[in-house]
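As a plain string of letters, each chain reads:
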Amino acid sequence: MTTAQSSGSGRSAALIATLVVGAAALVFVLLQAPNAISASTFTAPAGPVSTVQEWGEAAADGRITAADGQIEAGSALSLYDGSPAVAGLDGALLDAVRTAAAAGVDDGVDLRVNSGWRSPELQQLLLDEAVGTYGSAQEAARWVATPETSEHVSGDAVDIGPWQSAEWLGRNGAAFGLCKVYENEPWHFELRPEAPVDGCPKMYRDPTERVR
């Protein structure tokens, strides 16, 4: 065998070895992919403007205050807070959430109020902001009701946080008469006194499906 032939054979062998190693690495990655996906953590939905509590200029200049049910951005209230956002909730609803919260302590869960009672003025502000955020009144209606139809304005709905607490209440709330109402708002709960016996009713896809 000539020197050139020996050199060529060496390069071919090296190329084949590289391809074999690369193929093995690819197989390993493909075999690991399902495990990586199954081990991934679930990320909570971002939610609409009402949930992340962006109050805009009306809050900044004092036209909307805690008296309207405003909760400061990044904050959440205790179920025993005396502010209107909590105190303005329907008494039976608030009692049910407090009972659930006491049970959740054993599971390391702390139920907090992200949004509770709202004044009509605050609700209208949120609706206006949602129209700007989502680009149309039709799309905004999937997230924010009018002041005339909002269960927050009537005190019949509460948004629970943080996400782990809302998820826990979603799984256990029926025992306390508390139900998720909308598929797209897993933090929004209302009182359904029949739920401990009958279970929670089927959820609406979003508020636009609800006949008020």
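Structure: see above.
Residues numbered from 1 in each chain as written. Predicted model: local features only at pLDDT ≥ 70, side-chain atom pairs only at ≥ 80, totals over all residues. Heavy atoms only, no water.

This paragraph deals with the state of the cysteines. Under the criterion given, the structure shown has one disulfide. Shown here is the disulfide that connects Cys179 with Cys200, its sulfur atoms set 2.0 Å apart. Classification of the bridge connecting Cys179 and Cys200 rests on its S-S torsion, roughly -85 degrees, and on that basis the disulfide is left-handed. Here the residue Cys179 occupies a position in strand β3 (residues 178–180), and Cys200 occupies one in the segment after α9 (195–198), the gap between them amounting to 21 residues. Exposure remark for Cys179: the relative accessible area of 1% places this residue in the buried category. (Disulfide = S-S within 2.5 Å. Helix = DSSP H or I, 4+ residues; strand = E, 2+ residues; numbered from the N terminus. Buried < 20%, exposed > 50% of the residue type's maximum accessible area, 1.4 Å probe, protein only.)

With that settled, consider the side chain of Ser150. Inspection of the secondary structure puts Ser150 in the loop between α7 (137–140) and β2 (158–161). The class of Ser150 is buried, set by a relative accessible area of 6%. Once residues lying within four places of it in the same chain are set aside, the contact partners of Ser150 are Gln123 and Ala145. (Contact = heavy atoms within 4.5 Å.)

Attention now goes to the nonpolar core. Of all hydrophobic cores here, the largest spans 32 residues; its most connected members are Val97, Leu111, Val158 and Leu169. Breaking this core down by element, the ones donating at least two residues are α4 (84–87), α5 (91–104), α6 (120–134), β2 and α8 (163–172). Top element by residues in this core is α5. It accounts for six residues. (Core = buried A, V, L, I, M, F, W, Y, C linked by side-chain atoms within 4.5 Å.)

Its place among the elements puts Trp168 in helix α8. Given a relative accessible area of 5%, Trp168 falls into the buried group. For the pair Trp168 and Gly104, spaced 64 residues apart in sequence, the C-alpha separation works out to 8.0 Å. Setting aside residues no more than four positions away along its own chain, Trp168 makes contact with Ala100, Ala103, Gly104, Asp107, Val109, Leu111 and Phe176.

This paragraph deals with α5. The first and last C-alpha atoms of α5 sit 20 Å apart over 14 residues, in line with the 20 Å expected at 1.5 Å per residue. Along α5, the residues that are buried comprise Leu93, Leu94, Ala96, Val97, Ala100, Ala101 and Gly104. Taken end-on, α5 shows its buried residues confined to a sector of 160 degrees, consistent with a single buried face. Where α5 is buried, its residues touch α4, β2, α8, β3 and β4 (188–191). (Expected span 1.5 Å × (residues − 1). Arc of directions from axis to C-beta.)

The subject of this paragraph is the packing of aromatic side chains. Scanning all chains against the criterion turns up two aromatic pairs. Ring centres of Tyr134 and Trp143 lie 5.9 Å apart, and the angle between their planes is 15 degrees; this geometry places the pair in the stacked category. (Phe/Tyr/Trp six-rings, centres within 6.5 Å; stacked < 30°, edge-to-face > 60°.)

Neither face of β2 is open: one carries Val158 and Ile160, the other Asp159 and Gly161, and all of them are buried. Of the strand pairs in this sheet, strand β1 (residues 112–115) and β2 are connected by three bridges, and their pairing is antiparallel. Residue pairing across strands places Val113 opposite Ile160, the latter belonging to β2. Relative to β4, β2 runs antiparallel, the two sharing two bridges. Bridged to Val158 within β4 is Phe189. (Pairing = 2+ DSSP bridges.)

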